Each structure stands twice: as structure tokens, then as C-alpha cells.
Amino acid sequence: MDTVRELEVETQEACPEPLDGLVKGRVYAPGEPGYHEARRAWNLTIDQYPALVVVARDADDVAYAVRWAADAGLKVAVQATGHGVVTPADDAVLIVTSEMTGVEVDPATHTAWVEAGTKWGQVLAAAQAHGLAPLLGSSPDVGAVGYTLGGGLGWLSRKYGLSADSVRAFELVTADGRRIRASADEHPDLFWGLRGGGGSLGVVTRMQIALYPVTTVYGGNLLYPIEIARDVLMYYRDWLPTLPDEMTSSVVLMNFPPFPQVPEPVRGKSFAIVRGCYAGDIAEGQALVDAWRHWRAPAIDMFGPMSFADAATISSDPEDPVPGVSMGAWMADLADDTIDTLIRFTAPQGGPPPVVFTEVRHIGGAVARADAARSVYGNRSSELLLDAIGMAPTREAASAVEHAMVAFEASLAPHLTGGVYMNFLHGEASRSRIADAYPAKSLQWLRALKREWDPDNLFSHAFAVLPEP
Ligand SMILES: Cc1cc2nc3c(=O)[nH]c(=O)nc-3n(C[C@H](O)[C@H](O)[C@H](O)COP(=O)(O)OP(=O)(O)OC[C@H]3O[C@@H](n4cnc5c(N)ncnc54)[C@H](O)[C@@H]3O)c2cc1C
């Protein structure tokens, strides 16, 4: 703590200019070589033109950049990977954390300190070396901090809860450029708001998370022909009540692209896929999946015992940047009508549909059981999370996907709870749906925190939490 307090004093001095003389990292202004590379996001639909990009090397760099932006009257946007840009960083100071990638595992306390730009894959590799696992999501390329600030739902969620629930402490730079720590003991109100409230209260420079003893799991995919998708979704609905918390699963409708890099057995084809991860006794996990095998033999069976170090292979999310447009919502049911709508919008109907991927994730378990008062995160009792994705390589494709997503969500409306999960929103929805992500009282407290910690909305590019008037 002493180091943090010393820095708190040091960074309160007047901020000298220019910024590139102050920071150890790199600074790019428009027109300078490297600017276009530095402003790029993983999601290629984001084409942002920041006033300045600061590729920070450490927490001091972040503090200087925040104070410099405030002095210059500019807003601050933060990016680790660009998987979840909420508002493009146009005209803002974009702090890129991608070079702050330290991970320190403490095997004795089952915890790790994770720096702001670290991707989940790096945390997983470091933790697995000690027989431990973090609560990462489907993709190892997503930033651990950005994911956790939004909540964080992954393959161990039903057993161990949200990633945000596993945070022990955040270190952050506040809107006035101070470096502070938020935990259950220090600034506990801020700690509450950072657990699911996004990055609107400050720039997190590192976080301490709990790790769990997970090494081998029973995980993978069963692929069924898309023609029997209705039966698969109905059987999935009936399977869910039989599952213990050790099993986190999802059902996916997927149109694999006809690209040469896609493995031949699935290239250009569509499937209804059951995927999951059983973190417990392998034989018990197998027995649950065997129920599917006895029901109908899958066209492709890729479920089996696996090292949790390979957890990314369960979803095989794209590694390279893609122009993705997504729609997400909490579902109220998997009724027959809901199932028909999922199929109508995702399965090919005489041609490839704009929606290439629709997933319904089964949550609940430890997420639902956690003490809701300990974080701002909402919708804990909802169990079925929808995530639909389309590709928008051109403006015309973007328009087709966006139209399809609007129609898809409208058709599903009677079967949605009205709640949303902020990490799964895209574009305008990620700015306008904030009231559907949190209980009304929690949002009010979050806005009161915003007034206290960022009254001028310096961090306006994060989840759109406006300061309480
Ligand atoms: C392929 C893919 C798979 C995904 N899988 C899952 C999943 O399984 N479960 C799940 O819950 N989510 C998942 N997500 C959503 C993901 O968690 C969010 O998009 C998340 O915001 C990504 O964080 P990032 O840092 O990688 O992205 P970025 O775009 O770099 O950051 C996203 C936002 O987080 C905030 N932020 C990032 N770093 C900081 C910081 N240091 N301080 C303050 N604010 C910060 C900023 O507001 C920023 O706009 C997935 C997304 C994709 C594209």
C-alpha cells in the first residue's frame, strides 16, 4: 500500500506538457506514423479517430495520460484489445493498455495480480503452471480486466461465479489522476461499483483475483445436423434441470463459413451444437454428456476429458480481428416458440442468413447464489443468456445484420426478461440499455458514485453511467 500512497502524492503535482516527454510508453497524434496501428480495435466495425493515443507502459503513464486529458479538456477512452468498445474513441485520449501485461500468481493464497492489458490466455497459462485457473470466458484473447469490469461469465461460472465476484482488489487511476486501491477494506463503495459497473469510475491499472483448483475438465462439443436443431434445443431445455453447478453449458446454432482455414468436416455447413465444461469428477461429467449420446448420436463428438489449459478450444472463438455485430439479452424461457424464433433467424433458409451464430448460455448456479449486495452486477437470477453475432465486412452487410438483429430481438421479445448483460451488447445498445443491466436502486448508487468519482464524466466512453444530478 505504501507504494500506492506515495504515487498518489507524486501524481497530484501539476501535469507538465507535452505528454510524450512524460510517459515511458508511446504517444501518437493524428498524422504521425503508427497512429493508425495504435487506434485499431479487434472488432473491425470500430473505426475510431482519437485526438491522441497513449500506449501506456505502466500505471504512472496511465495517471499522466488521465491528468493530461483532463487538463486539455478531452475525454478518456481505454482499450486493452478492442473486443468490447462501447463508444469509439473519436476526439478522446485513447489509453491503450496492451503493453501492461504482467501476471503474478501467488500459489499459496490462490490469487493473482493481473495488469490492465493482460489477455485471459496469459493469465490461464500462468495459473495452470500451479494447477490453478482464473474465471476466464470463451476467448483467451479477451482482456481480463475489461471482461471482469463488465461481470465476466465463463466456463466455470456456475461453479465459481462471475469473474467480478472473484476480484480481491482493483488498483485504479481516478478522474483527478490519483492512484488508489479499491477493495472490501479500502474505498469499498468504489469496489462495489467496479464489480460489474464497467470502466466509468476510473482506469484500472491492475486487479487481484482469486484462482481455483481446476486442471482437468470434461469439456467440448457435440455437433448435430442443423436439420434437427428443434429437437436439440428441446432436449437441451429438458437437460438443464438435471445439471449440477459443476456443468456450465450452452447450445449454439452455427453457420461455419466456407473458408479454407475452417476444418473440412464443418466448412460451409450449419450445426446445432451442445458445448460445455464439467469441472468435477470426470466420470460424472461423462455420464451427463452420455445422456446426449444415448438420445441421438452426434454427427461430430468432440466432448471428452481435457486440460483446462485448452479451455479456449471449447468455443474456438476467432483469434484474428473480425467485423462482428452482436445482440445480447437475458431470456425468460426456451419455449417452443422461442426455439422456433432462434432457428428462423439463424438456420439457413435458402441462403446464408445475416446471423451466423446464436448461443444460449446456461448461467445460474454460483452466479445466482452470490450475495447480490456485494456488487453492482444485476440480473443474477436470470439463467439463459442469448448472444447472437453477424459479420459486417461492408456497410451493406452491416446494415443487413443490424436489421436482422433488430427483427430477431423484436420477435423474441415475449420470451426475453427485458434484462441485458453489458458485456454482450454492441453499438447503440451498449450505450442505451444501461437501465436494463442493473436493478434500479443499484444504478442509482452507481450514478451517485459517478458523481463522487467522475463528476465531469471524463470516462464517458465506458458504460454510459451518467453522474447523478
Ligand atoms: C470473441 C469474444 C468472446 C467473448 N467472450 C465472452 C465471455 O465468454 N464472457 C463474457 O462475459 N464476455 C465475453 N466477451 C465480451 C467481453 O468480455 C467484453 O467485450 C469486454 O469488454 C472485453 O474486454 P477487452 O478489454 O478485451 O476489450 P476492450 O475493447 O479493450 O475494452 C472494453 C471496454 O472495457 C473498458 N476497459 C477495458 N480496460 C479497462 C481498464 N483497464 N480500466 C477501465 N476500463 C477498461 C473500457 O470501457 C473499454 O471500452 C467476449 C467478446 C468477444 C468479442
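Residues numbered from 1 in each chain as written. Predicted model: local features only at pLDDT ≥ 70, side-chain atom pairs only at ≥ 80, totals over all residues. Heavy atoms only, no water.

What about the domain arrangement of the protein chain?
Now for step 1: If you check the domain split of the protein chain, you get domain 1 (2-96), domain 2 (103-213) and domain 3 (216-434).
Now for step 2: Taking only C-alpha atoms into account, the centre of domain 1 sits 21 Å from that of domain 2.
Now for step 3: At the interface, 16 residues of domain 1 touch 19 residues of domain 2.
Now for step 4: Carbon and sulfur atoms make up 68% of the area that domain 1 and domain 2 hide from each other, which totals about 1,400 Å².
Now for step 5: Across the contact surface, domain 1 and domain 2 share one salt bridge.
Now for step 6: Where Asp60 meets Arg179, a salt bridge forms, and the shortest distance between an N and an O atom there is 2.9 Å.
Now for step 7: Inspection of the domain 1/domain 2 interface yields one residue pair in polar contact (both at pLDDT 80 or more).
Now for step 8: For the side of domain 1 that touches domain 2, the secondary-structure elements that each account for two or more residues are α1 (2-10), α3 (59-72) and β3 (76-79). (Domains from an automatic or database assignment. Contact = heavy atoms within 4.5 Å. Buried area = accessible area lost by both parts, 1.4 Å probe. Salt bridge = Lys/Arg side-chain N within 4 Å of Asp/Glu carboxyl O. Polar contact = N/O pair within 3.5 Å; in protein donor to acceptor, adjacent residues only side chain to side chain. Helix = DSSP H or I, 4+ residues; strand = E, 2+ residues; numbered from the N terminus.)

Overview of the environment of Ala56
Now for step 1: Note on placement: Ala56 falls in the loop between β2 (52-55) and α3.
Now for step 2: In this structure the C-alpha to C-alpha distance between Ala56 and Gln261, which are 205 residues apart in sequence, comes to 35 Å.
Now for step 3: In contact with Ala56, not counting residues within four places along its chain, are Asp61, Val62, Ile95, Val96, Glu99 and Met100.

Quick look at the sheet that holds strand β4 (residues 93-96)
Now for step 1: Spatially, the four strands line up as an open sheet ordered β1-β2-β4-β3, and their pairing is mixed. Each edge of the open sheet is held by one strand with a lone partner, namely β1 (26-28) and β3. Direction aside, neighbouring strands of the sheet carry axes that sit 20 degrees apart on average.
Now for step 2: Taken together, the four bridges between β2 and β4 define a ladder with parallel strand orientation. Among the inter-strand pairings, Val54 is bridged to a residue of β4, identified as Ile95.
Now for step 3: Sheet contacts for α3: β2, β3 and β4; angle to β4, the most-contacted strand, approximately 175 degrees. (Pairing = 2+ DSSP bridges. Axes fitted to C-alpha atoms, helices over the stretch in contact; angles between N-to-C directions.)

Re α3
Now for step 1: Over its 14 residues, α3 runs 20 Å from end to end, which matches the ideal 20 Å to within 8%, given 1.5 Å per residue.
Now for step 2: Extensive coverage of α3 is indicated by the burial of eleven of its 14 residues.
Now for step 3: Every buried residue of α3 is accounted for by Ala59, Asp60, Asp61, Val62, Ala63, Tyr64, Ala65, Val66, Arg67, Trp68 and Ala69. (Expected span 1.5 Å × (residues − 1). Buried < 20%, exposed > 50% of the residue type's maximum accessible area, 1.4 Å probe, protein only.)

Section: the pairing of strand β5 (residues 103-106)
Now for step 1: Alignment of β5 against strand β6 (residues 111-115), held across four bridges, turns out to be antiparallel. Within the sheet, the bridge partner assigned to Asp106 lies in β6 and is Thr111.
Now for step 2: In this structure, the hairpin formed by β5 and β6 is closed by a connection of four residues, where His110 is found at a positive phi of approximately 55 degrees.

So, the pairing of strand β12 (residues 270-278)
Now for step 1: β12 sits mainly inside the fold: nine of its nine residues count as buried.
Now for step 2: Side chains of β12 alternate between two faces, with Ser270, Ala272, Val274, Gly276 and Tyr278 and Phe271, Ile273, Arg275 and Cys277 buried alike.
Now for step 3: Here strand β10 (residues 216-225) runs beside β12; their pairing, made up of eight bridges, is antiparallel. Counted as the bridge partner of Gly219 is Cys277 from β12.
Now for step 4: In the sheet, strand β11 (residues 247-255) pairs with β12 via nine bridges, with the strands oriented antiparallel. Its bridge partner being in β12, Leu253 is matched across the sheet by Ala272.

Description of the packing of helix α8 (residues 229-239) against helix α9 (residues 282-295)
Now for step 1: As a packed pair, α8 and α9 sit with axes 12 Å apart at the nearest point and diverge in direction by 145 degrees. When you trace α8 past α9, the crossing you get is right-handed. Along its contact with α8, which presents Asp231, Val232, Tyr235, Tyr236 and Trp239, the element α9 presents Leu288, Ala291, Trp292 and Trp295.
Now for step 2: Of the residues that constitute the contact of α8 with α9, the class distribution is eight nonpolar, no polar and one charged. (Left-handed = near helix turned anticlockwise from the far one by under 90°. Nonpolar A, V, L, I, M, F, W, Y, C, P; charged D, E, K, R; others polar.)

Notes on the packing of aromatic side chains
Now for step 1: A full pass over the atoms with the stated rule returns 16 aromatic pairs.
Now for step 2: The interplanar angle of 45 degrees and the centroid separation of 6.0 Å between the aromatic rings of Tyr236 and Trp239 together place this pair among those described as tilted. Linking Tyr236 with Trp239, this pair stays in helix α8, spanning three residues, or about one helical turn. The pair Tyr236 / Trp239 is uniform in exposure class, with both members buried.
Now for step 3: Relative to Tyr421, the ring of Tyr377 has its centre 6.1 Å away and its plane inclined at 70 degrees; by these criteria the two rings are edge-to-face. Residue Tyr377 is located in the loop between α12 (366-369) and β17 (384-391), and its partner Tyr421 is located in the loop between α13 (395-412) and α14 (428-432); the two are separated by 44 residues in the primary sequence. Neither residue differs from the other here; Tyr377 and Tyr421 are each classed as buried.
Now for step 4: Counting every residue linked through ring pairs, the aromatic cluster contains Tyr224, Tyr235, Tyr236, Trp239, Trp292 and Trp295. (Phe/Tyr/Trp six-rings, centres within 6.5 Å; stacked < 30°, edge-to-face > 60°.)

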